[in-house]
Amino acid sequence: MFTFELVIICLSMFIFELVIIKTMRMEPDGAVWGALLGACQIHKNVDLAEYAFDRVIKLEPTDIGYYVLL
């Protein structure tokens with residue numbers, strides 16, 4: 001099972017990834033937000049998944065794959 005240290009490491013990795021996305025020189029596209037959404041699904045990070053989903057749907061509203069990931 002998960003230990004407290006592992007949970008902290010996973011959360012800090014997601015925060016780090018979000019900071020990287022926010023500070024990119026180019027505007028993140030649907031593929032970037034979709035990759036983060038997929039990682040959130042694997043690691044069961046619901047709050048960040050909802051944030052990534054909101055971003056990706058604004059960029060690619062007709063792509064139904066993102067609805068499946070959420």
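Residues numbered from 1 in each chain as written. Predicted model: local features only at pLDDT ≥ 70, side-chain atom pairs only at ≥ 80, totals over all residues. Heavy atoms only, no water.

Undergrad: It is not clear to me how the packing of helix α2 (residues 30-43) against helix α3 (residues 46-59) should be interpreted in this structure. Could you clarify?
TA: Working note: a packed helix pair is described by the angle between its axes plus the distance between those axes. The contact between α2 and α3 brings their axes to 9 Å, and the two run at 155°. When the axes of α2 and α3 are compared, the pair comes out roughly antiparallel. The way α2 lies across α3 gives a crossing that is left-handed. Touching Gly30, Trp33, Gly34, Leu36, Leu37 and Cys40 of α2 are Leu48, Ala49, Tyr51, Ala52, Phe53, Arg55, Val56 and Leu59, all from α3. Residues of the contact of α2 with α3, tallied by class, amount to eleven nonpolar, two polar and one charged. (Axes fitted to C-alpha atoms, helices over the stretch in contact; angles between N-to-C directions. Helix = DSSP H or I, 4+ residues; strand = E, 2+ residues; numbered from the N terminus. Parallel < 35°, antiparallel > 145°, perpendicular 65-115°, else oblique. Left-handed = near helix turned anticlockwise from the far one by under 90°. Contact = heavy atoms within 4.5 Å. Nonpolar A, V, L, I, M, F, W, Y, C, P; charged D, E, K, R; others polar.)

Undergrad: Is there a simple way to explain the environment of Phe53 in this structure?
TA: Tracing the backbone shows Phe53 in helix α3. The exposure class assigned to Phe53 is buried, which follows from its relative accessible area of 11%. Taking the C-alpha atoms as reference, Phe53 lies 9.8 Å from Gly38; in sequence the two are 15 residues apart. With near-sequence residues (within four places) excluded, Phe53 lies in contact with Leu37, Tyr66, Tyr67 and Leu70. (Buried < 20%, exposed > 50% of the residue type's maximum accessible area, 1.4 Å probe, protein only.)

Undergrad: I would appreciate a short explanation of the packing of aromatic side chains in the present structure.
TA: Each aromatic ring pair is described using two quantities: the centre-to-centre distance and the angle formed by the ring planes. All told, the structure shown has two aromatic pairs when counted by the stated rule. Relative to Tyr51, the ring of Trp33 lies with its centre 5.8 Å away and its plane at 75°, an arrangement referred to as edge-to-face. Of this pair, Trp33 sits in helix α2 while Tyr51 sits in helix α3, and the two are 18 residues apart along the sequence. Judged by relative accessible area, Trp33 falls into the buried class, the value being 4%. Plain terms: the ring middles of Phe53 and Tyr67 are 5.3 Å apart, the flat faces sit at 80° to each other, and that makes the pair edge-to-face. Of this pair, Phe53 sits in helix α3 while Tyr67 sits in helix α4 (residues 65-69); the two residues are 14 residues apart in sequence, bridging distant segments of the chain. (Phe/Tyr/Trp six-rings, centres within 6.5 Å; stacked < 30°, edge-to-face > 60°.)

Undergrad: In this structure, what is going on with the nonpolar core? I would like to understand it.
TA: Nonpolar side chains in soluble globular proteins tend to be buried together. Trp33, Leu36, Leu37, Cys40, Val56 and Tyr66 are the most contacted members of the largest nonpolar core, which has 13 residues in total. Breaking this core down by element, the ones donating at least two residues are α1 (4-22), α2 and α3. Take this core: its biggest share by element is six residues, from α3. Filtering out sequence-adjacent residues up to four positions away, Cys40 remains in contact with Phe14, Asn45, Leu48 and Ala49. (Core = buried A, V, L, I, M, F, W, Y, C linked by side-chain atoms within 4.5 Å.)

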